[in-house]
Amino acid sequence: MDLRIFTEPQQGASYDTLLMVAKATEDLGFDAFFRSDHYLRMGSADGLPGPTDAWITLAGLARETKRIRLGTLMTAATFRLPGVLAIQVAQVDRMSGGRIELGLGAGWFEEEHKAYGIPFPKEKFARLEEQLAIVSGLWATETGKTFSYEGTYYQLQDSPALPKPAQRRVPVLIGGHGATRTPRLAARYADEFNMPFASVEDSERQFGRVRAAAEAAGRKADDLVYSNALVVCAGKDDAEVARRAAAIGREVGELKTNGLAGSPAEVVDKLGRYAAAGSSRVYLQVLDLHDLDHLELISSQVQSQLG
């Protein structure tokens with residue numbers, strides 16, 4: 001199972017802090033560093049010093065890391081026009097030498113849209129579908145040819161479809177709990193399906209829906225990677241687990257129910273249950289970005305047992 005580090009910078013993190021965590025991610029042998037795409041803090045966090053833009057951040061990290069994959073869970077389709085997004089992602093992929101992955105979602109947090117004057121349309125899912133068609137279509141267009149698209153929400157005419165990413169295909173991640181439209185969209189456009197913050201049972205059920213949708217669309221179900229995103233709070237003993245839970249404002253019991261919490265052995269055991277449900281990759285949501293000892297513990301005592 002691949003373990004990836006997943007951060008929520010809107011809760012309060014500078015670029016320097018994210019760079020520190022990304023370098024630790026690379027040094028400790030994790031597979032990738034991902035971040036959310038939000039402009040406003042949630043809950044009781046102060047959000048200081050303020051938001052960092054996801055793709056500007058990843059552009060910087062692309063030049064300051066060498067091995068790890070970099071990406072978003074999830075870029076909000078409401079934030080960027082699809083043609084602009086295709087250019088941004090392709091450029092950052094070239095800056096990284098071909099290590100970028102694009103998680104793309106409909107967008108859901110209305111308050112951040114209001115706070116920064118971003119339109120929050122009602123028909124978000126339909127717009128997401130058109131964005132996926134456009135971004136993938138632009139990248140797939142042969143150099144020297146043009147790409148046009150006539151949709152309900154977006155129209156492109158004779159685009160040169162440049163620049164191209166460094167990778168032949170930038171992996172696209174789609175995720176969510178929706179029972180019908182989400183699996184259908186994943187079957188058509190995704191390289192990876194991500195189930196965020198869900199139980200083993202709900203994950204297995206949703207993976208089954210996506211696999212069925214892929215087969216119905218004429219794809220092999222195993223062509224997709226199936227993954228989870230889960231909060232992590234590990235410690236070498238109960239006191240350390242409790243200290244880390246308190247630092248992120250959560251209760252140990254709740255974290256054990258809804259995430260990966262407890263001793264390294266407990267975390268490994270629960271990861272095994274997700275693996276049995278079909279997950280081959282887990283994004284570890286790390287909420288205290290200054291606790292690098294936490295990452296070292298996970299690397300040395302959890303990741304080392306996963307083969």
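Residues numbered from 1 in each chain as written. Predicted model: local features only at pLDDT ≥ 70, side-chain atom pairs only at ≥ 80, totals over all residues. Heavy atoms only, no water.

Asks: Go over the overall build of the chain with me, naming the residues and quoting the values.
Replies: Along the chain, the regular secondary structure elements total 11 helices and 12 strands. The globule rule puts the C-alpha radius of gyration for 307 residues at 19 Å, and the 19 Å found for the chain is close to it. Entry remark: accessible area of the chain is about 13500 Å², with carbon and sulfur atoms responsible for 50%. Considering the chain, the positive charge centre built from 35 side chains and the negative charge centre built from 40 side chains are found 5 Å apart. (Helix = DSSP H or I, 4+ residues; strand = E, 2+ residues; numbered from the N terminus. Rg over C-alpha atoms; globule rule 2.2 N^0.38 Å. Areas by Shrake-Rupley, 256 points an atom, 1.4 Å probe, with all protein chains shown as cover. Lys, Arg positive; Asp, Glu negative; His and termini not counted. Charge placed at Lys NZ, Arg CZ, Asp CG, Glu CD.)

Asks: Go over the pairing of strand β1 (residues 2-7), please, and point to the residues and values.
Replies: Counting buried positions along β1 yields five of six residues, so the element is predominantly enclosed. Sheet topology places β1 next to strand β12 (residues 281-286); six bridges connect them, and they run parallel. The residue of β12 that forms the bridge with Leu-3 is Val-282. Across four bridges, the pairing between β1 and strand β2 (residues 32-35) is parallel. In the strand pairing of β2, Phe-6 is matched with Phe-34. Handedness of the crossover joining β1 and β2 through helix α1 (residues 15-27): right-handed. (Buried < 20%, exposed > 50% of the residue type's maximum accessible area, 1.4 Å probe, protein only. Pairing = 2+ DSSP bridges. Right-handed = clockwise from strand over helix to strand, strands pointing away.)

Asks: Talk me through the nonpolar core; I want residue IDs and the actual numbers.
Replies: By size, the foremost hydrophobic cluster in this structure holds 77 residues, and its most contacted members are Leu-3, Trp-55, Trp-139 and Leu-284. If you tally residues by element for this core, the top one is helix α5 (residues 124-140), at eight residues. Here Trp-55 is in contact with Thr-72, Thr-75, Arg-80, Leu-85, Val-89, Val-92, Ile-100, Glu-101 and Leu-102, once residues within four sequence places are set aside. (Core = buried A, V, L, I, M, F, W, Y, C linked by side-chain atoms within 4.5 Å. Contact = heavy atoms within 4.5 Å.)

Asks: Tell me about the packing of aromatic side chains, and name the residues and values.
Replies: Taken as a whole and assessed by the stated rule, the structure comprises six aromatic pairs. For the pair Phe-193 and Phe-207, a centre-to-centre distance of 6.4 Å together with 90° between the ring planes defines the contact as edge-to-face. With Phe-193 in strand β9 (residues 192-196) and Phe-207 in helix α7 (residues 200-216), the pair connects residues that are 14 residues apart, well separated along the chain. Look at Phe-207 and you get buried, because its relative accessible area is 2%. Taken together, the aromatic side chains of Tyr-39, Phe-79 and Tyr-116 make up a single cluster linked through ring pairs. Over the aromatic face of Phe-120 sits the side chain of Lys-124, whose NZ or CZ is 4.3 Å from the ring centroid. (Phe/Tyr/Trp six-rings, centres within 6.5 Å; stacked < 30°, edge-to-face > 60°. Lys NZ or Arg CZ within 6 Å of the ring centre and 35° of its normal.)

Asks: Can you lay out the pattern of salt bridges for me, pointing to particular residues and giving the numbers?
Replies: For the coordinates displayed, the defined rule picks out 20 salt bridges. With a closest N to O distance of 3.9 Å, Glu-110 and Lys-114 form a salt bridge. One end of the pair is Glu-110 and the other is Lys-114, both in helix α4 (residues 110-115) and four residues apart, which spans about a single turn. Using a relative accessible area of 34% as the deciding quantity, one classes Glu-110 as partly exposed. Between Asp-202 and Arg-205 there is a salt bridge whose closest N-O contact spans 2.6 Å. With Asp-202 and Arg-205 both in helix α7 and three residues apart, the pair spans about one turn of that helix. Residue classification places Arg-205 among the partly exposed positions, given a relative accessible area of 44%. Connected via shared salt-bridge partners are Lys-236, Glu-240, Arg-243, Arg-244 and Asp-291. (Salt bridge = Lys/Arg side-chain N within 4 Å of Asp/Glu carboxyl O.)

Asks: Quick one: what's the story with the pairing of strand β5 (residues 100-105), residue by residue and with numbers?
Replies: Of all six residues that make up β5, six are buried, and the element is covered over most of its length. Alternating residues of β5 divide into Ile-100, Leu-102 and Leu-104 and Glu-101, Gly-103 and Gly-105, and every residue in both groups is buried. Here strand β3 (residues 69-72) runs beside β5; their pairing, made up of two bridges, is parallel. Within the sheet, the bridge partner assigned to Gly-71 lies in β5 and is Glu-101. Where strand β4 (residues 75-76) lies against β5, two bridges are found, and the strand directions are parallel. Paired with Thr-75 across the two strands is Leu-104, which belongs to β5. With respect to chirality, the unit in which β4 leads through helix α3 (residues 82-96) into the neighbouring parallel β5 is right-handed.

Just distances and angles here, no functional claims.
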